[in-house]
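What follows is each chain in one-letter form.
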Amino acid sequence: MVWGFDFLPYNKIIFSERSGQISILDPGTGAVTALSGEPEVLDQGEGRLLDLRTDPDWVYFCFSAPGMNNSSLMTLARAQLQATSLVNLERIYISDEPRSRNIHLVAG
């Protein structure tokens, strides 16, 4: 299931799937290319690979990273796109509180 997407040069679309896969779609041909190098994602509950955005040098994305005892750590990361791989992965932010429940909190 596609969760987020952004546009790349040369009329291509990069998209995330909740399961953790990041791929590129060529709308002209319909070809989908799965990328390698994405981080390990905790694929359960509401925690998964979320949205992504690009700039000329980086692909930014948020995801639930596996923590200790099946907890999740909300993480913001970036990587560079090189052919069909994500390289130079950098974790920019990792939540300091592991979540033992895989649901979103609503401020009240």
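Given the structure is predicted, the values throughout are model-derived calculations rather than measurements.

**Considerations on the pairing of strand β6 (residues 59-66)**
At step 1: Pairing analysis gives four bridges linking strand β5 (residues 49-54) to β6, with the strands arranged antiparallel. Following the sheet pairing, Leu49 is matched in β6 by Phe63.

**Let's talk about the sheet that holds strand β2 (residues 12-17)**
At step 1: If you trace the four strands from one edge of the open sheet to the other, you get β1-β2-β3-β4, paired in antiparallel fashion. The open sheet is flanked by β1 (2-8) and β4 (31-34), the only strands paired with a single partner. Strand-to-strand, the axes of this sheet are offset by a mean angle of 25°, without reference to chain direction.
At step 2: Looking at chain direction, β2 and strand β3 (residues 22-26) are connected through four bridges and run antiparallel. Bridge pairing in β3 links Ile14 to Ile24.

**Some details on the packing of aromatic side chains**
At step 1: On inspection of all chains with the given rule, the structure shows two aromatic pairs.
At step 2: Pairing Phe5 with Phe7 gives two aromatic rings, centres 5.7 Å apart and planes at 90°, and the pair type is edge-to-face.
At step 3: Given a relative accessible area of 53%, Phe7 falls into the exposed group.
At step 4: Over the ring of Trp3 we find Arg18; its NZ or CZ atom is 4.5 Å from the centre of that ring.
At step 5: Across the ring face of Trp58, the terminal group of Arg78 is positioned such that the distance to the ring centre comes to 3.7 Å.

**Things to note about the sheet that holds strand β8 (residues 85-94)**
At step 1: Pairing within the open sheet is antiparallel, and its four strands lie in the order β5-β6-β7-β8. Two strands close off the open sheet at either side, each with one partner strand: β5 and β8. Recorded for the sheet is a direction-independent mean angle of 30° between the axes of neighbouring strands.
At step 2: With eight bridges connecting them, β6 and strand β7 (residues 72-82) associate as antiparallel partners. Across the sheet, Phe61 pairs through a bridge with Ala77, a residue of β7.

What counts and what doesn't
Residues numbered from 1 in each chain as written. Predicted model: local features only at pLDDT ≥ 70, side-chain atom pairs only at ≥ 80, totals over all residues. Heavy atoms only, no water. Pairing = 2+ DSSP bridges. Helix = DSSP H or I, 4+ residues; strand = E, 2+ residues; numbered from the N terminus. Axes fitted to C-alpha atoms, helices over the stretch in contact; angles between N-to-C directions. Phe/Tyr/Trp six-rings, centres within 6.5 Å; stacked < 30°, edge-to-face > 60°. Buried < 20%, exposed > 50% of the residue type's maximum accessible area, 1.4 Å probe, protein only. Lys NZ or Arg CZ within 6 Å of the ring centre and 35° of its normal.

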